[in-house]
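Understanding the architecture of this molecule
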Amino acid sequence: MFMPLPISSEAFEMLSITEIEPWYQELLNQPLSQEVLSSWIKQWSDLSALVDETVIRFEIATTCNTADEEVEQRKHTFMEEVYAPIQKLDQRIKQQLLASGLEPAGFAIPLRNLRAEAELYREENLPLLNEDKALSDEYMQVGGSQMVWWKGKEVALASLYPVLHDPKRDEREQVWHAITERQLKDREKLDAIWSKKMQLRQQIARNAGYDDYRAYRWRQLLRFDYTPADCRKLHEAVKQVIVPTASQMWEKRRRQLGVETLRPWDMWVNPRISEAPRSITDVDGLLRQCADAFRLIDPQLGDYFEIMIREQLLDLEERPNKAPGGYELPLEVKHRPFIFGRVNSITDIMGLIFHEAGHAFHVFETIPLPYLHQRKEGAVPFEFAEVASTSMEFIGGMYLQQAGLCTEQEAAQLRIQHLESLLMSDLPVLIKGDAFQHWIYDHPEEAKDAENCRQKWAELTRFYQPDIDWSGLETELSNGWQGILHFYCDPFYFIEYAFASLGAFQVWNNYLRNPEAALRQYRSALALGATETLPELYEAVGAKFAFDAETLQLVSHMVIQTVEQLEAQA
């Protein structure tokens, strides 16, 4: 019925917009009826998947090697000459579907999302959105190029973070200063990027008919089930429940370390160990053991991870010119996930490999959904997508020793540190980051000046993390926000991790009571993709979408109880 499409995104990338446009015109020229609806949407879905995967492959290539100028140029050409005009054609197709009043099975939520996207669309914003993306690439290039001299050789900045776990305080302090001093050298570059982004974002919002960028971004992120006021409720609940509990835990750490005050380089160390966490030199071997861990949880999860290893869908080696951060991105034509990051020590197993594997399992579970709009990244609520990943941290951590990844003592220590960091660092930092972004877009003119952002970041740090002594380090303290890529590249994508931590704890609690039933719920909920609302997805996975003090108290109690059990074991 429709013209055949290229079988791969690699072939699609070679085409000009003139060669691509007939596929869109064919869809636009087709009168919509119930009889043709399914095949029409399938063609649009497959065409969109080709576009999506091409963009994702460029994203992967430019983060795997930030110094590859040839790939960067190809990406720029595609975005300017192909992707931008495709957005105009895609908007017309959305409007055609919405005007038809037709709704295929399982498409109620995707239609809701398409309506929101169509309402946001403004042709004059296309070059501005591309410019914003180019500035994000520039930010990543700055991070990827950061090198420092350490113990006689030049190394990537990110490779030094494991040293912050070293029991030797002098070593931690030296590496902390090496990292922050190198970051401060790029402060002016990042200030300039920030100022441009703030101006761009306000203009994008105004063009779309919004008074402020937060309202625009809320709709762009498809946040239908909670409001900025709900985020502030969570801010207050964390202040009431988590910050006092974290203070008690920080005081315990101070006594264990035997120091007068806790300094920034004391934040990541496990005070119960006398040697630095074991370095990882054989990443391939580690990944095979991770597959064993997933197989112990569920044989199908182990098979999924084996596919990723076999098809080389993981980039976890350390090397220069590699962008900071870690991610999983879906390749929608190949129906495969791709995981990116750095594995330096055993401390990266849960927070990086298990976490991103949870995202990858989400991709695998949604493969049977027929249309891209039911499963694509961004359509699935991030608040639930992060439940998929964070749950694997808690559940996978239970199998570290059994899979041969760690000794019994190492496993206990890793789990203690992982759980403690949730209350001591993760939730306070996530809420601090969300509060920071709300302040930014409540005061956009003031926030254009990075110096004002520095002052606000320092203020919020002292509010949510009052137990760390920053005396004499005020410059480093105030500059900490520039190292968080979400503020630059994914605005307001931060609170999701906090919501997801609460959801994942509920999944883990279910797993402790009935592993088989919890895994069935987990996989079934992931398979729903974007076909249900956010609260319905939480319900499907056996959790409640909540942001209240009661849920935080449950999490706090569970962490403290489990840590006490693991301390006895360790």
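These lines cover the structure that appears in this document, whether it is placed above or below. Here, residues in each chain are numbered from 1, in the same order as that chain's written sequence. Local features are withheld for residues below a pLDDT of 70 in this predicted model, meaning they are given only at 70 or higher, and side-chain atom pairs are given and counted only at 80 or more; totals for whole chains, interfaces and linings count all residues. Working from all heavy atoms in the structure, the side-chain values ignore hydrogens and water.

**A closer look at the overall build of the protein chain**
Secondary structure is summarised from DSSP: a helix means a run of H or I of at least four residues, a strand means a run of E of at least two, and numbering begins at the N terminus for each. Counting its regular elements, the protein chain contains 23 helices and five strands. C-alpha atoms of the protein chain, sized along the principal axes, occupy 75 × 55 × 45 Å. Split into buried and exposed, the 570 residues of the protein chain put 58% on the buried side. Throughout, a residue-residue contact means that at least one pair of heavy atoms, one from each residue, lies within 4.5 Å. For the protein chain, restricting intrachain contacts to residue pairs at least 6 apart in sequence, the fraction spanning at least 24 positions comes to 77%. In the form shown here, the protein chain has an accessible surface area of approximately 22,900 Å², with 49% of it arising from carbon and sulfur atoms. Positive charge is attributed to Lys and Arg, negative charge to Asp and Glu, and no charge count is given to His or to the chain ends. We put the charge of a Lys on NZ, of an Arg on CZ, of an Asp on CG and of a Glu on CD. One way to put it: in the protein chain the 58 positive side-chain charges average out to a point 2 Å from where the 88 negative ones average out. Three labels apply to residues, based on accessible area from a 1.4 Å probe with only protein chains included: buried if under 20% of the type maximum, exposed if over 50%, partly exposed otherwise in between. Only the protein chains shown count as cover for residues, and the accessible areas themselves come from Shrake-Rupley with a 1.4 Å probe.

**Here we look at empty space enclosed by the protein**
In this analysis a 1.4 Å probe is tested at points of a 1 Å grid over the protein atoms alone, and where it fits but cannot get out there is a cavity; an open set with protein on both sides within 12 Å along at least five of seven lines is a pocket; lining residues have an atom within 4 Å of a point. Grid points are joined across faces, edges and corners, and a volume is the space filled by probe spheres set on the points. Across all of its chains, the model carries five cavities of 30 Å³ or more by this definition. The volume enclosed by the second largest cavity comes to roughly 90 Å³. As for the second largest cavity, its lining consists of 14 residues, of which Leu 221, Leu 222, Arg 223, Pro 381 and Glu 383 are closest to the centre. Gly counts as polar in this scheme, as do all residues outside two lists: the nonpolar Ala, Val, Leu, Ile, Met, Phe, Trp, Tyr, Cys and Pro, and the charged Asp, Glu, Lys and Arg. Partitioning the lining of the second largest cavity into residue classes produces seven nonpolar, three polar and four charged.

**Section: helix 12 (residues 299–310)**
With twelve residues, helix 12 should reach 16 Å at 1.5 Å per residue; the first-to-last C-alpha distance of 16 Å fits that figure. Inspection of helix 12 places Leu 301, Gly 302, Tyr 304, Phe 305, Ile 307 and Met 308 among the buried residues, and these make up the whole buried set. For helix 12, the elements touching its buried residues are helix 11 (283–297), strand 3 (314–315), strand 5 (336–340), helix 13 (348–365), helix 14 (382–396) and helix 21 (515–527). A 3.5 Å cut-off defines polar contacts: any pair of N or O atoms within that distance qualifies, except that in protein one atom must be a possible hydrogen donor and the other a possible acceptor, and neighbouring residues in sequence count only when both atoms are side-chain atoms. Sitting at the head of helix 12, Asp 298 places a side-chain oxygen 2.8 Å from the backbone nitrogen of Gln 300. Multiplying one less than the number of residues by 1.5 Å gives the expected span of a helix.

**Concerning the nonpolar core**
Residues Leu 234, Phe 294, Phe 305, Phe 354, Phe 361 and Leu 405 are the most contacted members of the largest nonpolar core, which totals 156 residues. Aside from chain neighbours lying at most four places away, what touches Phe 305 is Leu 287, Cys 290, Ala 291, Phe 294, Leu 314, Ile 353, Ala 357 and Phe 361. The nonpolar core is taken to be a set of buried Ala, Val, Leu, Ile, Met, Phe, Trp, Tyr and Cys residues, with the residues joined through side-chain atoms within 4.5 Å.

**Observations concerning the side chain of Gln 465**
Assignment of secondary structure puts Gln 465 in the loop between helix 17 (450–464) and helix 18 (474–478). Beyond its immediate sequence surroundings of up to four residues, Gln 465 is in contact with Met 267, Met 424, Ser 425, Pro 428, Val 429, Lys 432 and Leu 460.

**Considering the pattern of salt bridges**
Note on definitions: salt bridges are taken to be side-chain nitrogens of Lys or Arg within 4 Å of carboxyl oxygens of Asp or Glu. Applying the stated criterion to the full structure yields 50 salt bridges. Note that Glu 10 is salt-bridged to Lys 334, the shortest N-O span being 3.0 Å. Separated by 324 residues along the polypeptide, Glu 10 in helix 1 (residues 9–13) and Lys 334 in the loop between strand 4 (327–331) and strand 5 bring together distant segments of the chain. A residue is classified by how much of its surface remains accessible, and Glu 10, at 34% relative accessible area, is partly exposed. Linking Glu 496 and Arg 223 is a salt bridge whose minimum nitrogen-to-oxygen distance equals 2.7 Å.

**As for the sheet that holds strand 4**
Between any two strands, pairing holds if DSSP finds at least two bridges. Read from one edge to the other, the open sheet built from three strands follows the order 3-5-4, with strand pairing classed as mixed. Both edges of this open sheet fall to strand 3 and strand 4, since each of them pairs with a single strand only. Summarising the sheet, strand 4 and strand 5 pair through five bridges and their orientation is antiparallel. In the sheet register, Tyr 327 faces strand 5, and the bridge partner there is Phe 340. Note on method: axes are straight lines fitted to C-alpha atoms, helices fitted across the in-contact stretch only, with angles between N-to-C directions ranging 0 to 180 degrees. Of the strands in this sheet, strand 3, strand 4 and strand 5 touch helix 3 (residues 34–64), which is tilted by about 145° from strand 4. Helix-sheet contacts for helix 13 involve strand 4 and strand 5, and the interaxial angle to strand 5 is about 165°.

**Here's the deal with the environment of Ala 84**
The residue Ala 84 is located in helix 4 (residues 69–100) in this model. Note on Ala 84: relative accessible area 14%, which makes it buried. Along the chain, Ala 84 and Ile 17 lie 67 residues apart, while their C-alpha atoms are 9.8 Å from each other.

**Digging into unusual backbone geometry**
Phi is positive for Gln 312, which is not a glycine, with a value near 55°. Here Gln 312 lies in the loop between helix 12 and strand 3. Its relative accessible area of 69% is what places Gln 312 among the exposed residues. For His 335, which is not glycine, the phi torsion reads 55° and is therefore positive.

**Side note on the pairing of strand 2 (residues 153–156)**
Direction of pairing for strand 1 (residues 147–150) relative to strand 2: antiparallel, over a ladder of four bridges. Residue pairing in the sheet places Trp 149 in a bridge with Glu 154 of strand 2.

**A few points about the layout of surface pockets**
In this model, the largest pocket occupies a volume close to 440 Å³. Looking at the largest pocket, it is lined by 20 residues, and the ones nearest its centre are Ser 159, Leu 160, Pro 162, Ser 279 and Asn 344. For the lining of the largest pocket, the leading source of residues is strand 2, giving four residues. In terms of residue class, the lining of the largest pocket is built from ten nonpolar, five polar and five charged. In this structure, the second largest pocket occupies an estimated 240 Å³ of space. Taken together, 14 residues line the second largest pocket, and the ones lying closest to its centre are Ile 273, Glu 275, Ile 346, Glu 410 and Gln 413.

**As for the pairing of strand 5**
Where burial is concerned, most of strand 5 is hidden: five out of the five residues are buried. Where burial is concerned, the two faces of strand 5 agree: the one with Arg 336, Phe 338 and Phe 340 and the one with Pro 337 and Ile 339 are both buried. Pairing between strand 3 and strand 5: two bridges, direction parallel. Note that in strand 5 the partner of Asp 315 across the bridge is Phe 340. The turn linking strand 4 back onto strand 5 is made up of four residues, and His 335 within it adopts a positive phi angle of 55°.

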